[in-house]
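These are the residues of each chain, in order.
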Amino acid sequence: EPEVTQTPSHQVTQMGQEVILRCVPISNHLYFYWYRQILGQKVEFLVSFYNNEISEKSEIFDDQFSVERPDGSNFTLKIRSTKLEDSAMYFCASRLKTGTSSPLHFGNGTRLTVT
Amino acid sequence: LAKTTQPISMDSYEGQEVNITCSHNNIATNDYITWYQQFPSQGPRFIIQGYKTKVTNEVASLFIPADRKSSTLSLPRVSLSDTAVYYCLVVSGDAGNMLTFGGGTRLMVKP
């Protein structure tokens, strides 16, 4: 079964540094998402992306965050200047379509630790 | 989007059937109900979804009464590996894009 893959699985960075989290969505999917989960808390929506532009974003997704689909396969989340509170699991997800019963497929996440 | 309410946690024993009920009083006509499972340090995984009555797949059954204000996820004969967090989500059928996760139900299966 096709999978969403994320790299790296763990990322440790110092406060103020830029990080890029990478995802390869399922190949025929058209909608892409980033979610995050702080340890012990809910899975929180960050941003959705379709047709090379952001469809929706949450309040968490401020100017420090950006997303890009640089080629036909990768989908990236960049955090420009990391803060301690950015430490979390970041999950990428994709789906074939919206509006009907098209479930999200999640990757296994990147654990980001900001020191 | 309709808010969902589900128990914070449940305990069960291996081999038992587990039923997790979710309330979604404000569900809209075009919304459908989706359940996800999450193991520690993994992404959520889709289990089942439905609009009304009963849906069954190889993993679970989903029961939705006629008023659709609640739904019940049924896991037959659970094993230790079913220990996970189970999320009930209401998804808009009108080109819904963003999925909102609540706190989920933490199911602990004991030997």
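Residues numbered from 1 in each chain as written. Chains lettered and ligands numbered in written order. Predicted model: local features only at pLDDT ≥ 70, side-chain atom pairs only at ≥ 80, totals over all residues. Heavy atoms only, no water.

Caption draft 1: Here's a closer look at the interface of chain B and chain A. Taken together, the 21 residues of chain B in the interface contact 24 residues of chain A. Carbon and sulfur atoms supply 51% of the area buried between chain B and chain A, which totals about 1700 Å² over both sides. Remark: the boundary between chain B and chain A carries five residue pairs in polar contact (both at pLDDT 80 or more). If you list the elements that add at least two residues to the side of chain B that touches chain A, you get strand 3 (32–38), strand 4 (45–50) and strand 8 (84–91) of chain B. Among the elements that line the side of chain B that touches chain A, the one with the most residues is strand 3 of chain B, at three residues. Taken together, the residues of the side of chain B that touches chain A break down into 10 nonpolar, 11 polar and no charged. (Contact = heavy atoms within 4.5 Å. Buried area = accessible area lost by both parts, 1.4 Å probe. Polar contact = N/O pair within 3.5 Å; in protein donor to acceptor, adjacent residues only side chain to side chain. Helix = DSSP H or I, 4+ residues; strand = E, 2+ residues; numbered from the N terminus. Nonpolar A, V, L, I, M, F, W, Y, C, P; charged D, E, K, R; others polar.)

Caption draft 2: Geometry of the packing of aromatic side chains. Taken as a whole and judged by the stated rule, the model has 14 aromatic pairs over all chains. With 5.8 Å between their ring centres and 85° between their planes, A:Tyr35 and B:Phe101 make a pair best called edge-to-face. On the criterion of chain membership, the pair formed by A:Tyr35 in strand 4 (residues 31–37) and B:Phe101 in the loop between strand 8 and strand 9 (105–110) is interchain, its members lying in two chains. Summarising the aromatic geometry, the rings of A:Phe49 and A:Phe75 are spaced 5.3 Å apart at their centres and angled 40° between planes, so their arrangement reads as tilted. Residue A:Phe49 is located in strand 5 (residues 43–50), and its partner A:Phe75 is located in strand 8 (residues 75–79); the two are separated by 26 residues in the primary sequence. For A:Phe49, a relative accessible area of 6% corresponds to the buried category. Look at A:Phe75 and you get buried, because its relative accessible area is 0%. Ring pairing ties together the aromatic residues A:Tyr33, A:Tyr35, A:Phe45, A:Phe106, B:Tyr36, B:Phe46, B:Tyr87 and B:Phe101, which thus form one cluster. Geometry around B:Tyr51 places B:Arg68 over its ring, the cationic atom sitting 3.9 Å from the centre. (Phe/Tyr/Trp six-rings, centres within 6.5 Å; stacked < 30°, edge-to-face > 60°. Buried < 20%, exposed > 50% of the residue type's maximum accessible area, 1.4 Å probe, protein only. Lys NZ or Arg CZ within 6 Å of the ring centre and 35° of its normal.)

Taken by themselves, the reported measurements are silent on function.
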